[in-house]
Amino acid sequence: QKEVEQDPGPLSVPEGAIVSLNCTYSNSAFQYFMWYRQYSRKGPELLMYTYSSGNKEDGRFTAQVDKSSKYISLFIRDSQPSDSATYLCAMSVSNQGGKLIFGQGTELSVKP
Amino acid sequence: DSGVTQTPKHLITATGQRVTLRCSPRSGDLSVYWYQQSLDQGLQFLIQYYNGEERAKGNILERFSAQQFPDLHSELNLSSLELGDSALYFCASSPGTVNSPLHFGNGTRLTVT
């Protein structure tokens, strides 16, 4: 079993839809949670960064962490075709020097 | 632009050969991370350096090695290459503090024929 599980999709939605992306994890020591966006032929780009449980909002993006359920989510409101990319969740433990463990990534396509 | 520079962008080589991938971190970042991304395995952590010293090691093969130089750039050396080593290799950097996120370069695409 992988430490971090993420549905690879692909996920296809119409423009303007609310998108929900999720990851589950097994290591209760994870404390830092991130979402990265990766466009084709590019490196992962940091979208959201949260510590421990709770919500964080940045524009159209909201990240949620539920440590009791070992479950994190990323919501994208009013999705745009430019949001079409692969979304990767990532997590780290404080005593491992910042090493990130990634989910498999979910491929998202937003259709005009 | 993340500020992390990786060269070359593409590399095509034959089995059994050796290649070197180069990474320049963001200005001010002391820590460099190497990741391998393949279709079936996703992003896999290989190794981390902090200010010239190895800090953490992942599932890095013995045929692979890395180092970080005094000017903080890093090189990943891959030797005795096999077809299965074909992948995207990413470098990331961070200031190195425990809660600092990683910023990634655009990777080197390695094709072994």
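Look above for the structure.
Residues numbered from 1 in each chain as written. Chains lettered and ligands numbered in written order. Predicted model: local features only at pLDDT ≥ 70, side-chain atom pairs only at ≥ 80, totals over all residues. Heavy atoms only, no water.

Asks: Would you explain the overall build of chain B in this entry?
Replies: A count of helices and strands for chain B gives 0 helices and 11 strands. Going from N to C terminus, chain B has its helices and strands arranged as β-β-β-β-β-β-β-β-β-β-β. Here the C-alpha atoms of chain B give a radius of gyration of 13 Å, agreeing with the 13 Å that 2.2 N^0.38 yields for 113 residues. Going through the 113 residues of chain B one by one, you find that 51% of them count as buried. Contacts in chain B between residues at least 24 apart in sequence constitute 54% of all its contacts with a sequence separation of at least 6. Here chain B displays about 5,400 Å² of accessible surface, and carbon together with sulfur accounts for 46% of that area. Looking at charge distribution, chain B has the averaged site of its 8 positive side-chain charges lying 4 Å from that of its 10 negative ones. (Helix = DSSP H or I, 4+ residues; strand = E, 2+ residues; numbered from the N terminus. Rg over C-alpha atoms; globule rule 2.2 N^0.38 Å. Buried < 20%, exposed > 50% of the residue type's maximum accessible area, 1.4 Å probe, protein only. Contact = heavy atoms within 4.5 Å. Areas by Shrake-Rupley, 256 points an atom, 1.4 Å probe, with all protein chains shown as cover. Lys, Arg positive; Asp, Glu negative; His and termini not counted. Charge placed at Lys NZ, Arg CZ, Asp CG, Glu CD.)

Asks: What's the story with the nonpolar core in this structure? I'm lost.
Replies: It is characteristic of soluble globular proteins that their nonpolar side chains tend to be buried jointly. In this structure, Trp35(A), Ile72(A), Leu74(A) and Met91(A) are the most contacted members of the largest nonpolar core, which totals 25 residues. Every element with two or more residues in this core is listed here: strand S3 (19-25), strand S4 (32-38), strand S5 (45-51), strand S7 (61-66), strand S8 (71-76), strand S9 (85-92) and strand S11 (106-111) of chain A. (Core = buried A, V, L, I, M, F, W, Y, C linked by side-chain atoms within 4.5 Å.)

Asks: Just checking my understanding: could you explain the environment of Gly16(A) for this structure?
Replies: Residues and elements named next belong to chain A. Position of glycine 16 among the secondary structure elements: in the loop between strand S2 (11-14) and S3. For glycine 16, a relative accessible area of 38% puts it in the partly exposed group. In this structure, the C-alpha to C-alpha distance between glycine 16 and glutamate 45, residues 29 residues apart in sequence, is 22 Å. Once residues lying within four places of it in the same chain are set aside, the contact partners of glycine 16 are Asp78 and Ser79.

These figures capture arrangement, not role.
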